[in-house]
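# Coordinates in review
The residues making up each chain are set out below.
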Amino acid sequence: MKVIVANDYEEMSQKAFEIMADVVKNKPDAVLGLATGTTPLGLYGRMIKDCKANGTSYKNIKTVNLDEYAGLDGNNKNSYASFMKENLFNGLDIDLKNTHIENGSASDAEKECERYNKVLCGLKQDIQLLGLGSNGHIAFNEPGTPFGAEVHIVNLAESTIRDNSRLFDNKKDVPVSAYTMGPKNIMQAKKILVLASGANKADAVYGAVKGEISESLPASVLQLHPDCIMIVDKEAAARL
Ligand code: F6R
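First, a word on what this report is: a plain description of the structure on this page. (Residues numbered from 1 in each chain as written. Predicted model: local features only at pLDDT ≥ 70, side-chain atom pairs only at ≥ 80, totals over all residues. Heavy atoms only, no water.)

This part takes up the overall build of the protein chain. Within the protein chain, the secondary structure is distributed over seven helices and ten strands. For a compact globule of 240 residues, the expected C-alpha radius of gyration is about 18 Å, and the protein chain comes in at 17 Å, within 12% of that figure. Each principal axis of the C-alpha distribution contributes one length, and for the protein chain these read about 45 × 40 × 35 Å. In the protein chain, which comprises 240 residues, the proportion classed as buried is 55%. In the protein chain, of all internal contacts separated by at least 6 residues, the share reaching a separation of at least 24 is 80%. Only carbon and sulfur atoms are counted for the fraction: they give 49% of the accessible area of the protein chain, which is about 10600 Å². Of the charged side chains in the protein chain, 27 are positive and 31 negative; the average position of the first set lies 4 Å away from that of the second. (Helix = DSSP H or I, 4+ residues; strand = E, 2+ residues; numbered from the N terminus. Rg over C-alpha atoms; globule rule 2.2 N^0.38 Å. Buried < 20%, exposed > 50% of the residue type's maximum accessible area, 1.4 Å probe, protein only. Contact = heavy atoms within 4.5 Å. Areas by Shrake-Rupley, 256 points an atom, 1.4 Å probe, with all protein chains shown as cover. Lys, Arg positive; Asp, Glu negative; His and termini not counted. Charge placed at Lys NZ, Arg CZ, Asp CG, Glu CD.)

Shown next as structure tokens:
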């Protein structure tokens with residue numbers, strides 16, 4: 001795994017943007033694996049600016065998102081489908097038909113996992129963007145998830161529910177389960193780009209980069225990927 005330490009969040013986002021823009025420019029019909037959360041916002045802002053200012057086109061780009069809250073319809077303002085429209089897709093010339101995410105309001109969870117797994121088998125990510133949970137999760141693969149797992153539904157860890165609650169008006173509305181790509185779906189990507197910012201990610205960054213490769217720290221599986229780049233700010237790199 002290649003690790004780049006940036007001075008701050010802005011520098012981390014700029015370096016991530018340069019890598020992402022390279023993929024889009026070299027392959028106008030690339031498949032981008034995308035993430036939600038606060039970490040990628042600086043990157044997404046730069047992608048929008050670049051599309052508007054320099055005409056970088058996303059017309060033929062396809063996207064697959066990591067995860068979605070179970071029980072939330074894609075139109076719910078707290079769904080990850082809404083997050084992606086608001087923070088990225090609405091600012092690009094992307095065709096929404098080419099954007100894929102789990103259906104949080106599917107009536108049959110098992111069938112939904114099968115459906116999304118098939119989507120992913122047909123759309124291998126040219127690049128997969130990841131944030132990092134403070135407990136070392138990637139997507140919503142919490143500690144203990146088998147590395148061989150594919151798309152599945154998970155009960156979120158207490159720490160994840162707590163971390164996510166800041167984005168909800170009311171704590172009791174924070175979903176307790178979610179659909180997620182499994183580590184196996186993530187590892188199929190040609191290239192993986194992991195971002196982490198802030199002191200609360202320092203332990204997870206250390207575990208992912210220098211820790212034992214173990215299912216108890218899901219991000220440690222990334223050490224096995226042939227082309228994984230992690231960009232962290234100084235605070236997140238504190239233990240390296
Ligand atoms: C989001 C996701 C999560 C986040 C992680 C970090 O789609 O899969 O794994 O990347 O929880 O979240 P932030 O960026 O909000 O710190």
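Having put the structure on the table, let's press on.
Orientation of helix α2 (residues 41-54) relative to helix α3 (residues 80-87), taken along the N-to-C sense of each, is 45 degrees, at an axis distance of 10 Å. Relative to α3, α2 is oriented oblique. Note on element contacts: α3 touches α2 through Phe83, Met84 and Asn87, opposite Leu41, Tyr44 and Ile48. Its residues assigned to classes, the contact of α2 with α3 shows five nonpolar, one polar and no charged. (Axes fitted to C-alpha atoms, helices over the stretch in contact; angles between N-to-C directions. Parallel < 35°, antiparallel > 145°, perpendicular 65-115°, else oblique. Nonpolar A, V, L, I, M, F, W, Y, C, P; charged D, E, K, R; others polar.)

What follows concerns unusual backbone geometry. A positive phi angle, near 50 degrees, is found at Ala139, a position not held by glycine. For Ala139, the location among the structural elements is in the loop between β6 (127-130) and β7 (152-155). Classification of Ala139 by relative accessible area gives buried; the value is 8%.

We now examine the packing of helix α1 (residues 9-26) against α2. At a closest axis distance of 8 Å, the pairing of α1 and α2 adopts a crossing angle of 50 degrees. One finds that α1 runs oblique with respect to α2. As α1 packs across α2, the resulting crossing turns out to be right-handed. On the side of α1, the interface is formed by Tyr9, Glu10, Ser13, Gln14, Ala16, Phe17, Met20 and Lys25, while α2 contributes Leu41, Gly42, Leu43, Arg46, Met47 and Asp50. Across the contact of α1 with α2, the residue classes tally to seven nonpolar, three polar and four charged. (Left-handed = near helix turned anticlockwise from the far one by under 90°.)

With that settled, the discussion passes to the sheet that holds strand β8 (residues 177-180). Judged by pairing direction, the sheet is antiparallel, and its three strands sit side by side in the order β4-β8-β7 without closing on themselves. The open sheet has two edge strands with one neighbour each: β4 (67-69) and β7. Averaged over all neighbouring strand pairs, the angle between strand axes comes to 25 degrees, with direction disregarded. Looking at chain direction, β7 and β8 are connected through four bridges and run antiparallel. (Pairing = 2+ DSSP bridges.)

Note on strand geometry: in a regular strand, side chains alternate between the two faces of the sheet. Burial analysis of strand β9 (residues 192-196) places five of its five residues in the buried class, which makes it a mostly covered element. Because side chains alternate across β9, one face comprises the buried residues Ile192, Val194 and Ala196, and the other comprises Leu193 and Leu195, equally buried. For β6 and β9, the ladder comprises three bridges, and the chain directions are parallel. By the bridge assignment for β9, Gln128 is matched with Ile192. Across five bridges, the pairing between β9 and strand β10 (residues 228-233) is parallel. Looking at the pairing, Ile192 lines up with Cys228 of β10. What joins β9 to β10 is helix α7 (residues 202-210), and the crossover it makes is right-handed. (Right-handed = clockwise from strand over helix to strand, strands pointing away.)

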